[in-house]
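The residues making up each chain are set out below.
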Amino acid sequence: MAELAVSIQHRFAGGAALDLRFAAPVPGVVALFGPSGAGKSSLVHCIAGLLRAQHSVVRIGDSVLSDARSWLRPEQRRVGLVFQQARLFPHLSVRANLEYGARRSRAAAAPDAPGFDELAALLGLEALLSRRPRTLSGGERQRVAIGRAILSRPLLLALDEPLANLDDARRDEILPYLGRLRARLSLPILYVTHALDEVIRLADTLVLIQGGRVLACGPTAAVLGDVAGPLVARDDAASLLHGRIVAVEPESGLAQVAAGGFVLRLPASGHAVGAALRLKLPAREVMLAGLAPLPPLSVQNLLAARVLAVSAPDAASGVVTVALSPQAGGEGILLSKVTADSARRLAVAPGMPMLALVKSVSIEVLA
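Residues numbered from 1 in each chain as written. Predicted model: local features only at pLDDT ≥ 70, side-chain atom pairs only at ≥ 80, totals over all residues. Heavy atoms only, no water.

Trainee: Would you mind going over the overall build of the protein chain with me for this structure?
Mentor: The secondary structure content of the protein chain amounts to 9 helices and 20 strands. Here the protein chain has a C-alpha radius of gyration of 22 Å; the compact-globule value for 367 residues is 21 Å, and the two agree. Of the accessible surface of the protein chain, which amounts to about 16700 Å², a share of 53% is contributed by carbon and sulfur atoms. Charged side chains of the protein chain number 39 positive and 30 negative; the gap between the two group centres comes to 6 Å. (Helix = DSSP H or I, 4+ residues; strand = E, 2+ residues; numbered from the N terminus. Rg over C-alpha atoms; globule rule 2.2 N^0.38 Å. Areas by Shrake-Rupley, 256 points an atom, 1.4 Å probe, with all protein chains shown as cover. Lys, Arg positive; Asp, Glu negative; His and termini not counted. Charge placed at Lys NZ, Arg CZ, Asp CG, Glu CD.)

Rendered as structure tokens:
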């Protein structure tokens with residue numbers, strides 16, 4: 001697998017500085033996540049060549065965009081950049097805006113790249129092709145901007161907080177389209193966001209950025225599950241599991257999903273055996289219990305697990321986050337948020353066998 005390798009050092013006139021280094025396997029979605037002002041957009045501008053850093057090494061597989069000996073101009077880099085504002089040509093139709101990207105490109109299309117018609121279908125744009133940008137919703141404009149960038153045949157697609165200016169309804173409208181693109185494109189995608197839910201839904205690799213530095217970089221599920229990292233203290237902390245349906249129970253309407261060493265039962269929702277699923281499990285929805293016999297429960301998932309690590313109690317809420325792995329072995333990491341008092345009563349400690357209780361309705365199927 002190829003690699004996106006980045007090393008950027010730059011000091012701005014006001015004293016702020018970037019010192020950002022990471023490497024991520026591609027193709028796939030690499031999420032740059034962090035608070036506003038962390039340096040995410042500046043990093044994207046450096047990668048695209050819009051900002052010339054004092055030290056800049058950017059490689060995508062065998063393609064060198066900058067290093068100690070060379071620095072390609074923005075138009076030579078083939079970075080398809082989409083900003084928070086769609087920046088469409090107001091006097092052109094949706095079709096003409098999309099075709100502009102293809103006309104401007106000097107690169108040949110990859111053999112497996114989607115053509116115009118397929119891309120319009122992937123982004124749900126077929127009924128909009130004759131319309132002008134002013135008649136579109138914010139989400140529709142962003143879908144057109146993303147399509148135009150893809151049709152320019154980029155080496156890297158960079159989405160700089162593309163959903164930040166959308167309300168919740170428009171954001172929820174566009175996320176499924178981004179999921180389709182993620183599954184279809186064999187293209188590195190750099191995705192900038194400060195919304196953790198977008199990371200969980202889309203990212204293969206997660207790069208945490210704060211104060212102009214990289215705090216962590218790795219597979220999204222592993223970074224989310226690190227109890228020593230900064231994400232587990234968040235109210236919206238969650239586990240990410242990749243699974244596959246191994247059985248469907250017609251009598252109960254539930255599917256059995258093997259995910260990271262756990263076997264979960266959740267509503268089948270029309271999925272067939274063999275379907276690959278991406279699952280989000282909010283840490284606040286995962287309960288813990290000892291191994292003593294339990295009374296009958298409505299909870300469908302009683303998962304045999306072992307404690308990997310326990311965070312220190314949060315100073316404000318008194319909540320601790322417990323990371324669990326499958327007792328039978330597997331790479332899955334499951335997070336559970338419980339009060340410090342509950343952790344004391346259960347004597348939660350690394351290595352301890354426990355049951356994780358997960359309601360089926362609390363598991364969100366993302367793809």
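Trainee: Hey, could you run me through the nonpolar core in this one?
Mentor: Most often, soluble globular proteins keep nonpolar side chains buried together rather than apart. Of all hydrophobic cores here, the largest spans 49 residues; its most connected members are L98, I146, L159, L178, L181, L206 and L231. A per-element tally of this core places helix α5 (residues 138–151) first, with 6 residues. If near-sequence neighbours (up to four positions away) are discounted, L178 is found in contact with I146, L159, L163, Y191 and L202. (Core = buried A, V, L, I, M, F, W, Y, C linked by side-chain atoms within 4.5 Å. Buried < 20%, exposed > 50% of the residue type's maximum accessible area, 1.4 Å probe, protein only. Contact = heavy atoms within 4.5 Å.)

Trainee: What is the right way to read unusual backbone geometry from this model?
Mentor: Residues apart from glycine generally show negative phi values, whereas peptide bonds are mostly found in trans. At the junction of V26 and P27, the peptide bond is cis and its omega measures out at 10 degrees in the coordinates. When you line up the elements, P27 lands in the loop between β2 (17–26) and β3 (28–33). Positive phi values are uncommon outside glycine, yet R153 reaches one of about 60 degrees. By the element assignment, R153 lies in the loop between α5 and β7 (156–160). The phi angle at A347 is positive, at roughly 55 degrees, despite the residue not being glycine. Within the element layout of this structure, A347 appears in the loop between α9 (340–345) and β19 (353–358). By relative accessible area, A347 is classed as partly exposed at 48%.

Trainee: I'm lost on the sheet that holds strand β15 (residues 286–289) in this one. Help?
Mentor: Within a sheet, neighbouring strands are paired by backbone hydrogen bonds and run either parallel or antiparallel to one another. Taken in spatial order, the 5 strands of this open sheet run β15-β19-β16-β17-β18, and their pairing is antiparallel. Two strands close off the open sheet at either side, each with one partner strand: β15 and β18 (334–339). Going from strand to strand, the sheet's axes swing by 45 degrees on average, the running direction of each strand aside. (Pairing = 2+ DSSP bridges. Axes fitted to C-alpha atoms, helices over the stretch in contact; angles between N-to-C directions.)

Trainee: What's the story with helix α6 (residues 168–184) in this structure? I'm lost.
Mentor: Count 3.6 residues to each turn of an α-helix, and residues three or four apart come out pointing the same way. In this model α6 runs 25 Å from its N-terminal to its C-terminal C-alpha over 17 residues, within 8% of the 24 Å that 1.5 Å per residue would give. Here α6 has its buried residues at R171, I174, L175, Y177, L178 and L181. As for α6, its buried residues are in contact with α4 (116–122), α5, β7, β8 (188–193) and α7 (196–202). (Expected span 1.5 Å × (residues − 1).)

Trainee: Would you take a moment to explain the pattern of salt bridges for this structure?
Mentor: One side chain can pair with another of opposite charge once the charged atoms of both are near each other. Evaluated as defined, the whole model comprises 19 salt bridges. Between R171 and D197 there is a salt bridge, and its shortest N-O distance comes to 3.0 Å. Of this pair, R171 sits in helix α6 while D197 sits in helix α7, placing them 26 residues apart in sequence. The buried category is assigned to R171, whose relative accessible area is 14%. On the basis of relative accessibility, which here comes to 18%, the residue D197 falls in the buried class. (Salt bridge = Lys/Arg side-chain N within 4 Å of Asp/Glu carboxyl O.)

Trainee: What is the right way to read helix α1 (residues 40–48) from this model?
Mentor: Along α1, the positions that sit buried rather than exposed are K40, L43, V44, C46, I47 and A48. Just downstream of α1, G49 is the residue with a positive phi angle, here 85 degrees.

Trainee: Help me understand the sheet that holds strand β13 (residues 262–267) in this model?
Mentor: Read from one edge to the other, the open sheet built from 5 strands follows the order β13-β12-β11-β14-β20, with strand pairing classed as antiparallel. Each edge of the open sheet is held by one strand with a lone partner, namely β13 and β20 (364–365). Pairing analysis gives 2 bridges linking strand β14 (residues 276–282) to β20, with the strands arranged antiparallel. Within β20, the residue paired with K280 across the bridge is E364.

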